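Chain residues, written in single-letter form:
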Amino acid sequence: MTRGDNKVYLRGLIEFSNICRKNCYYCGIRCDNRSVERYELTDDEVLAAADFAWRHRYGSVVLQSGEQQSPAFTGRITALLQRIKAHTHNEVGITLSCGEQSEATYREWFDAGAHRYLLRIETSDRELYYKLHPNDNKHSFDARLEALNNLKKIGYQTGTGVMIGLPFQTMQHLADDLLFFKTMDVDMVGMGPYLEHKDTPLYRYADKLLPLEKRFELSLRMITALRMLMPDINIAATTALQVLDPEGREKAVMAGANVIMPNITLPSVRPNYQIYDNKPGLHDDAGGTLSTLENALHKAGITIGYSEWGDSKHFKPHSVAG
Ligand code: SAH
């Protein structure tokens, strides 16, 4: 299948904090999980990771974290965005994935240089959503939808996504997820298999899930179906695929994905960002991870868009008056 220019773009993923106010039933870093050691990288450590990405000709970085909402958090991200932009002479594109925030916060970060934002809806089915999240004002389906709409309105390239193979999830749900992406007219999608984590409430359904190889296969099929439905968006080959198959991300690219997000988080804190069990690459250093991946892509005949932002071709900036 052709993906336009046929290139794959790299985003260096920096998981800068696992502190989270939310309690999602599937996620290993949910706030009620007391067995996680909480961390926050320093600004200098985040900048060092961004510098690594820049030197290795990754076009972009993704700053991802648990969800925090405070003026201090907002201000810190704003300052980080400005520092990364200045340090890399605006050469590195920045995607944020820091959860639900107020419209004003999203706007402040956009003005500071972030131009893409990832916020998965997790499932587009309201009923299923509330089987995966507490039904309270911290986990409102409507608030998540509103956040996505605010991101679009502000002018971000907006990304969302779902988990595949969740307990209670049907094929109908997944088909509706694809239609949701289309109706929302998103610019980017990241979706991958649900992987159980033993310290979470959903773990009790572990024996009712699709076998792992089926979840993997279904994830690739979802990518292919979405590529047909939305030919010009960015689709990520997610890390969760790599858990189920060491070549999972390369296979996802062959199925239609065009973005890979190698983890460039400091190896020392990686064990604390275990959103699911058996997360890969915990002990690799970032350089090692990249060259293995580069070799594999090269072997598969896939070209990497070095030093390019790799923006979604679907995205149309708001027309400027006049
Ligand atoms: N807190 C941020 C993102 C951090 S986690 C936000 O809300 O946007 C990034 C993604 O990991 C989540 O959106 C979720 O889809 C995925 N994730 C969390 N737990 C998972 C699990 N057990 N299996 C697979 N994916 C998971």
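It should be noted that the structure appears before, not after, this text.
The following paragraphs examine the structure supplied in this document. These figures come from a predicted structure and were not determined experimentally. (Residues numbered from 1 in each chain as written. Predicted model: local features only at pLDDT ≥ 70, side-chain atom pairs only at ≥ 80, totals over all residues. Heavy atoms only, no water.)

Let us now look at the overall build of the chain. A count of helical and extended segments in the chain gives ten helices and ten strands. For 322 residues, the compact-globule estimate of 2.2 N^0.38 gives 20 Å, and the C-alpha radius of gyration of the chain, at 18 Å, lies within 12% of that figure. With the C-alpha coordinates of the chain rotated into their principal frame, the extents come out at 50 × 50 × 45 Å. Across the 322 residues that make up the chain, the buried fraction comes to 57%. Long-range contacts, defined here as pairs at least 24 residues apart, represent 75% of the contacts in the chain between residues at least 6 apart. (Helix = DSSP H or I, 4+ residues; strand = E, 2+ residues; numbered from the N terminus. Rg over C-alpha atoms; globule rule 2.2 N^0.38 Å. Buried < 20%, exposed > 50% of the residue type's maximum accessible area, 1.4 Å probe, protein only. Contact = heavy atoms within 4.5 Å.)

Among the structural elements, Glu247 can be located in the loop between α8 (239–244) and α9 (248–255). Residues Glu247 and Leu293, spaced 46 residues apart in sequence, show a C-alpha to C-alpha distance of 8.9 Å.

Let's shift gears to the site of the ligand. In the region of the ligand, 18 residues are neighbours, and Tyr26, Glu67, Arg120, Glu122 and Leu195 sit closest. In the model, a nitrogen atom of the ligand is placed 3.1 Å from a nitrogen or oxygen of the Ser65 main chain. Here an oxygen atom of the ligand and a side-chain polar atom of Arg120 are 2.8 Å apart. The protein chains hide 93% of the 560 Å² of surface that the ligand would expose on its own. By residue class, the composition of the shell around the ligand is ten nonpolar, four polar and four charged. (Near = heavy atom within 4 Å. Polar contact = N/O pair within 3.5 Å; in protein donor to acceptor, adjacent residues only side chain to side chain. Areas by Shrake-Rupley, 256 points an atom, 1.4 Å probe, with all protein chains shown as cover. Nonpolar A, V, L, I, M, F, W, Y, C, P; charged D, E, K, R; others polar.)

Here we take up the pairing of strand β5 (residues 157–160). Side chains Gln157 and Gly159 of β5 all project onto a buried face; the interleaved residues Thr158 and Thr160 project onto the opposite face, where all are buried too. One ladder, built from three bridges, connects strand β4 (residues 116–118) with β5; its direction is parallel. Of the residues in β5, the one forming a bridge with Leu118 is Gly159. (Pairing = 2+ DSSP bridges.)

On to the packing of helix α6 (residues 171–184) against helix α7 (residues 212–229). Two elements in contact, α6 and α7, have axes separated by 10 Å at closest approach and are oriented at 35°. Between α6 and α7 the crossing geometry is right-handed. Every residue of α7 that contacts α6 at Met171, Leu174, Leu178, Leu179, Phe181 and Lys182 is listed here: Leu218, Met222, Ala225, Leu226 and Leu229. When the residues that make up the contact of α6 with α7 are grouped by side-chain class, the tally is ten nonpolar, no polar and one charged. (Axes fitted to C-alpha atoms, helices over the stretch in contact; angles between N-to-C directions. Left-handed = near helix turned anticlockwise from the far one by under 90°.)

The next thing to look at is unusual backbone geometry. Its identity is not glycine, yet Asn90 carries a phi of approximately 60°, on the positive side. Among the residues examined, Asn90 registers a relative accessible area of 42% and is labelled partly exposed. Unusually for a residue other than glycine, Asp185 sits at a positive phi of about 55°. The topology assignment puts Asp185 in the loop between α6 and β7 (188–193).

What follows is about the pairing of strand β3 (residues 93–97). In summary, the side chains of a regular strand alternate between the two faces of the sheet. Judged by how many residues are buried, β3 sits mostly within the fold: five of five residues are covered. Every second residue of β3 is oriented toward a common face, with Gly93, Thr95 and Ser97 on one face and Ile94 and Leu96 on the other, all of them buried. For strand β2 (residues 60–65) and β3, the ladder comprises five bridges, and the chain directions are parallel. Opposite Ser60, over in β3, you have Gly93 as the bridge partner. In this structure, β3 lies alongside β4, joined through two bridges in parallel fashion. Of the residues in β4, the one forming a bridge with Leu96 is Tyr117. In this fold, the crossover linking β3 to β4 by way of helix α3 (residues 103–111) has right-handed handedness. (Right-handed = clockwise from strand over helix to strand, strands pointing away.)

Function-wise, these values are silent; they only describe arrangement.
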